[in-house]
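Spelled out, the chains give:
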Amino acid sequence: MTFSELKRQARESLNQHFLYYVILFLPTLILQIATGTFYAMSENNINYSYPDYTVNWSVTILAWAASLLLTGVMFVLIDHGRHLRNYEQPVSRSFTIFNRGDYFIGTIGLSVLMFIYTFLWSLLLLIPGIIKALSYSQAYYIYRDHLDQGTKISLNQAITESRQMMVGHKWEYFFLNLSFLGWYIACIFVLPAIWVMPYAQQTLANYYVVLSAPAKDDQQDDLMTIAK
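K.L.:
How would you explain the overall build of the protein chain if you had to name every residue and give the values?
P.N.:
Counting secondary structure elements, the protein chain contains twelve helices and zero strands. In the protein chain, the order of α-helices and β-strands from amino to carboxyl end is α-α-α-α-α-α-α-α-α-α-α-α. The burial tally for the protein chain puts 43% of its 228 residues in the buried class. The long-range share in the protein chain, meaning contacts at least 24 apart out of those at least 6 apart in sequence, stands at 72%. When the accessible area of the protein chain is evaluated, it comes to approximately 12,100 Å², of which 64% is carbon and sulfur surface.

What follows is the structure, encoded as structure tokens:
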């Protein structure tokens, strides 16, 4: 399966269930917009009588909350990629990360650990930090898969399995993400972010579905083809 195929599948899902995706991503998008607004206030010294530290903490908390929500939404998108869910109840699924304590605690724990590990590698040089971030990128989904299968693993084990999974796939994952840069730039002028964000995230979810599928070596080799 090539990147073009992953994207085609994502577009088909989005076009067939557009309203579902809009509602599913809306809370995350609102938090991201709020984060950007508070950040702009901080950068331009527009505090509206709020102390600077209040604005800075608001940016941090909102960004973290948006990241948590998006991780939970990605769990849902992975299930769609595996054809395990119907396209119903988008409001409750927007908050999937809070629907199960293990999801919430595990995601927070992994985010802290990965931040520490990536930061320490970044002290060497920027490139090692980027490489490690790519290596750890699937840890949330691996941890969640183990939870759903009743084989809970440690946070470090999830990171280790992500590193193993991404051997030979780090840069293709980087280029897959990079391929959406033009789409996000287009959001400024033409396309609505509420279409581009689900499109990009469903494609990344489809990528994980292929990469995590057992006994699919040939299929994983196909991912090495960077489609236009």
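K.L.:
So what's going on with unusual backbone geometry? Residues and values would help.
P.N.:
Residues other than glycine predominantly adopt negative phi, and peptide bonds predominantly adopt the trans conformation. Of note, histidine 83 is a non-glycine position whose phi angle comes to about 60 degrees, a positive value. You can see histidine 83 is positioned in the loop between helix H3 (52-81) and helix H4 (90-94). Judged by relative accessible area, which is 71%, histidine 83 ranks as exposed. For glutamine 89, which is not a glycine, the phi torsion comes out positive at approximately 55 degrees. Along the polypeptide, glutamine 89 turns up in the loop between H3 and H4. Accessibility expressed as a relative area gives 53% for glutamine 89, which makes it exposed.

K.L.:
Tell me what's going on with the side chain of glutamine 138, and back it up with residues and numbers.
P.N.:
With respect to the helices, strands and loops of the structure, glutamine 138 is situated in the loop between helix H6 (126-135) and helix H7 (139-148). In this structure, glutamine 138 is in contact with Ser162, Met165, Met166, Tyr173 and Tyr208, ignoring residues within four places of it in sequence.

K.L.:
Residues and numbers for the side chain of threonine 28, please.
P.N.:
Its location among the elements puts threonine 28 in helix H2 (residues 18-43). The exposure class assigned to threonine 28 is buried, which follows from its relative accessible area of 0%. Among all residues touching threonine 28, those that are not within four sequence positions of it are Ala66, Leu69, Leu70 and Val73.

Reading the values: the criteria
- Residues numbered from 1 in each chain as written.
- Predicted model: local features only at pLDDT ≥ 70, side-chain atom pairs only at ≥ 80, totals over all residues.
- Heavy atoms only, no water.
- Helix = DSSP H or I, 4+ residues; strand = E, 2+ residues; numbered from the N terminus.
- Buried < 20%, exposed > 50% of the residue type's maximum accessible area, 1.4 Å probe, protein only.
- Contact = heavy atoms within 4.5 Å.
- Areas by Shrake-Rupley, 256 points an atom, 1.4 Å probe, with all protein chains shown as cover.

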